[in-house]
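Chain by chain, the residues run as shown.
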Amino acid sequence: MRRLFTAAMVALLAAIGTAGAQTIVRVQGYGGQDPAIVQRLIDEVIGADLAAQGITINYEPIETDYNTVLVNSLSAGTAGDVFYVPGETAPGFIATGKLLALEDLVDTSAFIDTLNAVFSKDGHVYGIAKDFNTLAVFYNEDLFDAAGVAYPNADDDWTSFADKLARVAALDPGVYGACIAADTARLGAFAFANGWTTFGADGGVDLTSPAFAEAFDFYSGLVTSGAAAQPADLGAGWPGDCLAREQAAVAIEGAWILGFLRDNAPNLQYGATFLPKSPTTGLSGNYLYTVAWAVNADSKVRDAAVKVLEALTSPAAQQFILEQGLAIPSRKELADNPYFSQDSAEARANKVVFEGASHGNVYGFQFGTIGTDYMGPINNALTAVMTGSVGSGAALSQAQSDLTALLQRAAP
Amino acid sequence: MRRSGRELLPALLFLLPFLAVLVVFFVYASARAVYFSFTDYDLFNAPAWVGLENYRALFRDDNFLYALRNSLVFAAVVTTVQTAGALVTASALNRRVRGMTFFRSAFYMPAVTSSVVITLIFLWLFQRLGGVNYLLTAVARNAPAIGAFVLITVIAQTLQVWGERRRWRGAAAGSKRAVAALDPALLVVSLLVAAGATTVLGLLGHLAPRGTEAIAINWLQTRQEVPAGAPFPLRAPLPLVAIMVQNAFTTIPTFMLMFLAALQDVPRSYYEAAALDGANAAQQFFHITIPSLQPVIFLVVSLGLIGTLQMFDQVAIFGSAVPLQSVITLAYFVYNRMFPGAQLPEVGFASAAAMFLAALTLAIVLLQRTVLRAEGDR
């Protein structure tokens, strides 16, 4: 906190000292672990170049609920010039009319098309993806070896995958095959594998279709059968925690787990592979998680803001983020990155996450204008079934009616 | 009598800082909210007048009906529990006993602890593998030992009291100084006897813990409502019950302090006179303590109703750990519509709900005032 304050003071003094010569661009992003990395990105990679063009970045991470703060500051006219827009909330922010259309200002063709699509509406591109993530199966090699079970691999389908987890779980009462949360952000990927989509052709949601119900039963069944446990039941905050503490042999997460494992389980021998395939379709599914940099349509320093956005999404910036093990670059040209062929568990895992984007049925982590509210009813259904309080049929029809009501309310 | 202008001006000047704050942050803000409640407004587009549509929409919204029910049940239960609890703890602490200052401080601790911290601790306690279920499991498993202890205590106490009364009746017939059923001295003996007997039985292997399965009540992630058979308006969702327990725990000390302050003003001579006339502790409590505290009870009940009807923070922190409809209250409903994640805010709708909450609170407090007044005048 004090360091942040000092940094802010230094930035402020620098700004005052160079007033007139420098244009100040306010950049807003997430709090948590993010500020340390973005500050380094600004200081070490892009800052000098921008300063030469007479642009100073004033970086203001937001520590509380990012979306709420952004809605308020956008409506009050106090938002930054350049800021994050999360993929899952992008449609809502685009609808405010406060995001600048970027297709004529930035070369959007340099970025992966599916990522541009997440931030597009009616032919306009309102955000440039800074990076992306997909889900992969992260497994503890030692636990699989101890149980004498083959590692999960790209050929596994749900049945063989569940079987492997059950055999690892049989090893010891304190060890589970997997640690999975009651989370739509994971279940959805399995439903995609079965051919289900977030919204049907008619714009409605179908949770009672066999495609969804099968995935739901598979995912919740991992817990009810005892092969997997929920993080809360192991005293963990999230699945990465269970994996790091060797309470579970598998966690289904994205590349964000890598930095956590590096810090919390430096000696863990782990591997990563693609999500198991649906036995019905023979395909796997995945979510594409992404966050974009966007420019405030009301910015008074629009040209400078666009330059900052370009710098933040430049090849140099993306290479830096990739090598920090944080996320996968959104630029097409970085796909054949020598980094991916390095011989380390991290690089191999990053490659799986990168290739996950084009492996089977992949859709953006996005829920129309109702945003992440979409997940609430499904999460509740998962929890109810995983804790054994309701059967899956009843839970799904409850979720269906809750979600339908939610969508009707949101419809104009 | 009218104040002259010369006196009015300085008064106004002194009041100015307060009035300015009041006008800007309360009067102006409230007036805006009243206006918004009749419009369709999302912060980004200009408000459009829709008349009473928002108010009509409230009663068609499932979440609002849940919120209304939850708020009313919550207010009724928690206000009752906290007033009674505070009154009882205050009278217990209003004694001149060594070390009472320690107990007064200790009992007040929950009120000075941050409600966010307490909520997080309660979230842990109420988890499926949390402290509450652990305790219940421990009780269920050791039921034979606990049952034996209670049974032996009751038997020993009954025998002793019966024996003492017989002895007294023989010595001084008609005396009012008969032994009470829970006479402390006898109770200590009974407890010691029971503890000894239970230990012996345990060592002899008669009270082995039962191999009951671990109790895993799902307190939080559930839609279950209690009591199961009651009609909708009288049921409380289980997660809300958990919040009720927590809220009572944190608010009792504050109200206890108010009662304690008021109790210091009740003349000791009342109790002495009553004792001389043969009033027991319960009679003294109901006929001296409660009537003397009438104005404070009114204050405590009013504050309690206002606080519980507007309860928000604990629901917000329970947040996504529980199904929304199981904990949503009116105040949280307003917040939820005002800051709906990534959607455009429904300012008009949220304002209408806020106006409804304000009117409801006012109506309930006024009703409570008439009822308590009538009681006081009797």
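Quick notes on the rules
Residues numbered from 1 in each chain as written. Chains lettered and ligands numbered in written order. Predicted model: local features only at pLDDT ≥ 70, side-chain atom pairs only at ≥ 80, totals over all residues. Heavy atoms only, no water. pLDDT = per-residue confidence, 0-100. Helix = DSSP H or I, 4+ residues; strand = E, 2+ residues; numbered from the N terminus. Core = buried A, V, L, I, M, F, W, Y, C linked by side-chain atoms within 4.5 Å. Buried < 20%, exposed > 50% of the residue type's maximum accessible area, 1.4 Å probe, protein only. Pairing = 2+ DSSP bridges. Contact = heavy atoms within 4.5 Å. Buried area = accessible area lost by both parts, 1.4 Å probe. Salt bridge = Lys/Arg side-chain N within 4 Å of Asp/Glu carboxyl O. Polar contact = N/O pair within 3.5 Å; in protein donor to acceptor, adjacent residues only side chain to side chain. Nonpolar A, V, L, I, M, F, W, Y, C, P; charged D, E, K, R; others polar.

**A word on the confidence of the model for chain A**
As a note on interpretation, predicted positions should not be read in detail where pLDDT is low. Here chain A averages 88 in pLDDT, while 94% of its residues score no lower than 70. When the elements of chain A are averaged for pLDDT, helix 1 (residues 2–17) of chain A gives the smallest value, 56, and strand 7 (residues 136–140) of chain A the largest, 96.

**Examining the nonpolar core**
In this structure, Val27, Val82, Phe83, Phe138 and Val308 of chain A are the most contacted members of the largest nonpolar core, which totals 82 residues. When residues in this core are grouped by element, the largest group, 7 residues, is from helix 12 (residues 302–312) of chain A. Formed by 65 residues, the second largest nonpolar core is a distinct cluster that contains Leu58, Val78, Val301 and Met311 of chain B.

**Points about the pairing of strand 8 (residues 176–179) of chain A**
Residues and elements named next belong to chain A. One ladder, built from 2 bridges, connects strand 8 with strand 10 (residues 248–253); its direction is parallel. Among the inter-strand pairings, tyrosine 176 is bridged to a residue of strand 10, identified as alanine 248. Sheet analysis places strand 8 next to strand 9 (residues 228–229), joined by 2 bridges and oriented parallel. Looking at strand 9, one finds that alanine 178 is bridged to alanine 228.

**Looking at the interface of chain B and chain A**
Counting from both sides, the interface comprises 22 residues of chain B and, opposite them, 24 residues of chain A. Both sides of the chain B and chain A interface together cover about 2,000 Å² of buried area, and 51% of this is carbon and sulfur. One can count 0 salt bridges joining chain B with chain A. Joining chain B to chain A, the criterion identifies 0 residue pairs in polar contact (both at pLDDT 80 or more). Residue composition of the side of chain B that touches chain A, by class: 12 nonpolar, 5 polar and 5 charged.

**Digging into the pattern of salt bridges**
Summed over the entire model, instances satisfying the criterion amount to 18 salt bridges over all chains. For arginine 167 of chain A, the salt bridge goes to aspartate 163 of chain A, with nearest N and O atoms at 3.4 Å. With a gap of 4 residues between them, arginine 167 of chain A and aspartate 163 of chain A both fall in helix 7 (residues 158–169), about one helical turn apart. A salt bridge links glutamate 346 of chain A to arginine 262 of chain A; the shortest N-O distance between them is 2.8 Å. Residue glutamate 346 of chain A is located in helix 14 (residues 345–356), and its partner arginine 262 of chain A is located in helix 11 (residues 256–264); the two are separated by 84 residues in the primary sequence. Given a relative accessible area of 38%, arginine 262 of chain A falls into the partly exposed group. One salt-bridge network, in which partners are shared between bridges, spans Glu53, Arg56 and Arg60 of chain B.

**Points about the environment of valine 205 of chain A**
Residues and elements named next belong to chain A. Mapped onto the elements, valine 205 comes out in the loop between helix 8 (184–193) and helix 9 (210–224). Under the relative-accessibility criterion, valine 205 is labelled buried at 12%. The spacing of valine 205 and glycine 31 is 174 residues in sequence and 33 Å in space, taken between C-alpha atoms. Apart from residues no more than four positions distant in its own chain, valine 205 is found in contact with Trp196, Thr198, Phe199, Tyr374, Gln400, Leu403 and Leu407.

**Observations concerning unusual backbone geometry**
Along the chain, valine 226 of chain B connects to proline 227 of chain B via a cis peptide bond; the corresponding omega equals -10°. Structurally, proline 227 of chain B is set in the loop between strand 3 (225–226) and strand 4 (236–237). Of note, the phi angle at glutamate 246 of chain A is positive, near 60°, even though the residue is not glycine. Relative to the helices and strands, glutamate 246 of chain A is located in the loop between helix 10 (239–244) and strand 10. One non-glycine residue, leucine 43 of chain B, adopts positive backbone phi at about 80°. On the secondary structure map, leucine 43 of chain B appears in the loop between strand 1 (39–40) and strand 2 (48–49).

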